[in-house]
Amino acid sequence: MTHVEDELSSQPECWIRAAEEAAGHGAALPAPGERVAIVGCGTSFFMAQAVAALREGSGQGETDAFAASEYPEGRRYDRVLALTRSGTTTEVLELLGRLRGHTRTTAVTADPHTPVMEAADDIVVLDFADERSVVQTRFATTALTLLRAHLGLHTDAVVADARTALEKPLPEGLVDCAQFTFLGRGWTVGLANEAGLKMREASLAWTEAYPAMEYRHGPISVSTRGTATWMFGEAPDGLAEQVRETGALWVGGGLDPLAELVRAQRLAVAVAAAKDLDPDQPRHLTRSVILGD
């Protein structure tokens, strides 16, 4: 078993623990009414997109998401929340340094022995969700679960769905597809983006991700027999039928969207295995991007 297989399989237990600990981290996390920016890089940026949409959609305050390198310096926030598994990513550390003394910052990280511990004003450590694989799975979803619980949006049903996602076979023929498109709406757009990234990282697959309503505005043109379109959450009316008419395989999201992401992680590993690739060591990638001077 690869590290990533072991790590993605442990997600239900990690989510339970994160939800239980959320209340204890309340002072470090955004309070209702705060104007908040959530930042990250790669997978963490896509989790930031999901959390921002969840928080603002639940009426808890204006919330934006940015890649750490694209943070708008002239904009003012009550708090900036950084998601960083390694605690060493250059763009995140540099941004936290620039914000020190001007904007309250919080970092959610997996490693308590890294520079981010000194760079942020407040810290949440999820070391039980740390990973050996370069490819992120359980840290990202555990951080999202922590924040869903903090927002009052986590339920036990999410964990049950995650267990189903780990046990239920993938749709027949899915692993053999040549191209994958992931779709989301609202907070699940970030999950769709992350599913596409997982497939590219672990299996070198041709993948795309879009807001579901945007899919009809051009991207559907690549859908045909031998491709797959996967919806995270409820699909717009008529979209499933339209995809099937192209000949593509339609995968509807019947589980909680975060559990659907677990299924997509499994797909990435399965496609990697079919190509005889090591999903723990994607080409050209490292666990953290640390830039020189």
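Residues numbered from 1 in each chain as written. Predicted model: local features only at pLDDT ≥ 70, side-chain atom pairs only at ≥ 80, totals over all residues. Heavy atoms only, no water.

Draft legend 1. Local environment of the overall build of the protein chain. Helix and strand counts for the protein chain stand at 10 helices and 9 strands. The C-alpha atoms of the protein chain give a radius of gyration of 18 Å, which matches the 19 Å a tight globule of 293 residues would have. Counting only C-alpha atoms, the protein chain reaches 55 × 40 × 40 Å along its principal axes. Within the protein chain, the fraction of its 293 residues that count as buried is 57%. (Helix = DSSP H or I, 4+ residues; strand = E, 2+ residues; numbered from the N terminus. Rg over C-alpha atoms; globule rule 2.2 N^0.38 Å. Buried < 20%, exposed > 50% of the residue type's maximum accessible area, 1.4 Å probe, protein only.)

Draft legend 2. Focus on the pattern of salt bridges. Going through the model one piece at a time under the given rule, you end up with 14 salt bridges. For the salt bridge of Arg 75 with Asp 64, the shortest nitrogen-to-oxygen distance reads 3.6 Å. With Arg 75 in the loop between β2 (63–67) and β3 (79–84) and Asp 64 in strand β2, this residue pair connects regions lying 11 residues apart in the sequence. On the basis of relative accessible area, Arg 75 is assigned to the partly exposed category, the value being 36%. Note that Arg 263 and Glu 260 form a salt bridge whose closest N and O atoms lie 3.2 Å from each other. In this pair, Arg 263 and Glu 260 both sit in helix α10 (residues 257–274), 3 residues apart, roughly one turn of the helix. Here the salt bridges share partners, and the residues they tie into one network are Glu 34, Arg 79, Arg 104 and Asp 122. (Salt bridge = Lys/Arg side-chain N within 4 Å of Asp/Glu carboxyl O.)

Draft legend 3. Here's a closer look at the sheet that holds strand β4 (residues 104–109). The 5 strands are arranged β2-β1-β3-β4-β5 in an open sheet whose pairing can be described as parallel. Of all strands in the sheet, those with a lone pairing partner are β2 and β5 (122–125), marking the two edges. Put simply, the sheet's adjacent strands are angled 20° from each other on average, direction ignored. Pairing between β3 and β4: 6 bridges, direction parallel. (Pairing = 2+ DSSP bridges. Axes fitted to C-alpha atoms, helices over the stretch in contact; angles between N-to-C directions.)

Draft legend 4. Main features of the packing of aromatic side chains. One pass over the structure, following the stated rule, counts 7 aromatic pairs. Their ring planes at 65° and their centres at 6.4 Å tell us that Phe 66 and Tyr 77 sit as a pair that is edge-to-face. Here Phe 66, found in strand β2, pairs with Tyr 77, found in the loop between β2 and β3; they are 11 residues apart in sequence, far enough to count as distant. This pair shows no difference in class: Phe 66 is buried, exactly as Tyr 77 is. Taking the centre distance of 6.0 Å and the plane angle of 50° together, the rings of Tyr 71 and Tyr 77 count as tilted. For Tyr 71, a relative accessible area of 6% translates into the label buried. What makes Tyr 77 buried here is its relative accessible area of 6%. Feature note: the residues Phe 66, Tyr 71 and Tyr 77 constitute an aromatic cluster, connected by ring pairs. A cation sits over an aromatic face here: Arg 35 above Tyr 77, 4.7 Å from the ring centre. (Phe/Tyr/Trp six-rings, centres within 6.5 Å; stacked < 30°, edge-to-face > 60°. Lys NZ or Arg CZ within 6 Å of the ring centre and 35° of its normal.)

Draft legend 5. Highlighting the environment of Gly 253. Inspection of the secondary structure assignment puts Gly 253 in the loop between β9 (249–251) and α10. Residue Gly 253 is classed as partly exposed on the basis of its relative accessible area, which comes to 22%. Placed 21 residues apart in sequence, Gly 253 and Phe 232 show a C-alpha to C-alpha distance of 5.1 Å. Beyond its immediate chain neighbours, meaning those up to four positions away, Gly 253 contacts Met 231, Gly 233 and Glu 260. (Contact = heavy atoms within 4.5 Å.)

Purely spatial values, then, with no claim about function.
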